[in-house]
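A closer look at the structure
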Amino acid sequence: MIPLYPFSAVVHQPDLHLALALLAVAPEIGGVLIRGDRGAAKSTAARGLAALLPPRPDGTPAPFVNLPLGATEDRVVGTLDLEAALRGELRLQPGLLAAADGGVLYIDEVNLLADHLVDVLLDVAAMGVNRVQRDGLSAEHPARLALVGSMNPEEGTLRPQFLDRFGLCVDVQAPRDPQARAEIVRRRVAFEADPCAFVERWQPEEAAWAARLAAARERLPGVTVPEALLSRIAVLSAEAGVRSLRADLVLYRAARAQAALEGRSEVQTADLERVAPLVLSHRRDPRLPPPPPPPAQRPPAPEESQHHGSGPQETPEDVLAPAPQAAPLLLPSVPAAGALPGEGRPGRVLSSVPDPHPSTLAVPATLRAALTRRGSGPLTLTREDFHAPLREEVAGRRVLFVADASGSMGTRERMGAVKGAMLDVLREQGRRDRVALLTFRGVGATLVLDFTTDAAAAEAAITAAPTGGRTPLAHALRLAADVLAGEPKAQLVLFTDGRANVPLTPGGDAWAEALQMARALRGVPALVVDTETGHVRLKRAARLAQALGAEVATLGGPL
């Protein structure tokens, strides 16, 4: 068996070392979430931590259990032992939580795990006990484990309520310094060339880490927090804009663990300051309103106001708050994103629920229910025993918002209405839906937010989008085509009044070029939201929708 890469040999990741050490000292912190790119030593460090934990009471090493994404709830928490049930015994067949007791339970790509499993895992990690009450069975067992989840933010994120329940969070990335990168490669090459010799070379550092963690665990019950620092904990959370009181409790626990690691019996201000970023960074609310725009500047001097180039002069930039909508926008129906021929199969089975008339029968759960009910008599099946499988949602929609953020939108205060409409659509999205935001103003278009499942990040991007300048509609449609080229089955939601005035080419016809770009997008499921107001209307949004082959609506509802 190849030895594990030593925890102490992971270099240039001090926050990762600290977060995992704090969790090893005080598992009640509630788990560590590691966010970062692939190859940033996330799983390597987690595996190395298990080797530093004390052995189990039976003398076996502390386990490292890797939870696969396809695991069902039965596999994770445990279920009725069918073999024992056939003999008339009600007994728990332990799951992965029991296997990880006393060690590390690691979940790679935790952001892709089913919500209810994340909830169960975080509950158990915080309590240290796994309670199973299902199929007529009531059992519990110790599950004092270090829960470590990792994820790549580019592949989506966790819902805010689950982020809050992870005690600590570390953002890791490969260092940019060439010497640091060279040292990482040097160590990895040495390990692969002779793992045993490499581990032996790092044995003194590993022994020192193990001794330090053991001493900190022994010292932890006696560590106290001065009364003045309790107020400081509340101040740190409030200044970070964190609304959950869980942050204050985790700060308290993490600061005690930090003091224990440093060999002290009383928490100091420095301990709080050291652990605060690990506790608060993932709990900050990105939906906080942007700062108010600066006060109006003095009118520019004549020489400052000269405008170079063709077209109307730019209008000042502004940030408008979202305005509530009277009626929500209805997106056009479209197949699930990424659904290719032959991919219409349902998602994997996560759990099961009682159902006397199931369309599909969950056979293991149905048998367990019958075995539990039968007592000592013969095995019979009734509709009361029937269970239906609970399956994972396979895929979600992709929605690209393209919003006119030109000066005319700001002066008519239409951008506030556009933002409100986008937020209404956003709040109807499911967990696996992805949204992106593209705005156009001035002389070009910008992809403000690439496709993400992070609804809070999308809301923050929408709320903070500035307004001002001319209307480069053709530029926006060209960029939208580039973005959508890599997103099959994505939807386009375009907010515009159609008043294009910035051509793609000098001297070109801005409106004709916009229609040409719209025709190139024909076939993409689209909705054009007409934002035109006033007594005289050109109705160009409707013509644009016709070129796109799209539905058209107003901010107040369909046309």
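Thresholds, definitions, all that
Residues numbered from 1 in each chain as written. Predicted model: local features only at pLDDT ≥ 70, side-chain atom pairs only at ≥ 80, totals over all residues. Heavy atoms only, no water. Pairing = 2+ DSSP bridges. Helix = DSSP H or I, 4+ residues; strand = E, 2+ residues; numbered from the N terminus. Axes fitted to C-alpha atoms, helices over the stretch in contact; angles between N-to-C directions. Contact = heavy atoms within 4.5 Å. Phe/Tyr/Trp six-rings, centres within 6.5 Å; stacked < 30°, edge-to-face > 60°. Buried < 20%, exposed > 50% of the residue type's maximum accessible area, 1.4 Å probe, protein only. Salt bridge = Lys/Arg side-chain N within 4 Å of Asp/Glu carboxyl O.

Next up on the list: the sheet that holds strand β1 (residues 32-36). Taken in spatial order, the five strands make up an open sheet running β2-β5-β8-β1-β9, and their pairing is parallel. A strand with exactly one partner marks an edge of an open sheet, and here the two such strands are β2 (64-66) and β9 (168-172). Geometrically, the sheet is characterised by an average inter-axis angle of 20° between neighbouring strands, direction not taken into account. Where β1 meets strand β8 (residues 146-151), four bridges bridge the pair, whose relative direction is parallel. In the strand pairing of β8, arginine 35 is matched with methionine 151. Strand contacts of helix α1 (residues 14-25): β1, β8 and β9, with the helix running at about 160° to β9, the strand carrying the most contacts.

A few words on the packing of aromatic side chains. Under the counting rule described, the total for this entry stands at seven aromatic pairs. Between phenylalanine 7 and tryptophan 209 the ring centres are 5.2 Å apart and the planes differ by 90°, which places this aromatic pair in the edge-to-face class. Here tryptophan 209 lies in helix α10 (residues 203-219) and phenylalanine 7 lies in the segment before α1, a separation of 202 residues in the sequence. A relative accessible area of 0% places phenylalanine 7 in the buried class. Taken together, the ring pairs in this structure connect Tyr5, Phe191, Phe198 and Trp202 into an aromatic cluster.

The full count for this structure, using the stated rule, is 16 salt bridges. The partner of aspartate 123 in a salt bridge is arginine 165, with the nearest N and O atoms 2.3 Å apart. A residue pair is termed long-range when its members are at least 10 positions apart, and aspartate 123 in helix α6 (residues 115-127) and arginine 165 in helix α7 (residues 160-165) qualify at 42 residues. Residue classification places aspartate 123 among the partly exposed residues on the basis of a relative accessible area of 34%. Arginine 264 is the partner of aspartate 271 in a salt bridge, and the nearest nitrogen-oxygen pair spans 2.7 Å. Connected through salt bridges with shared partners, the residues Asp119, Asp123 and Arg165 form a single ionic network.

Without other data, these values stay purely geometric and don't point to any function.
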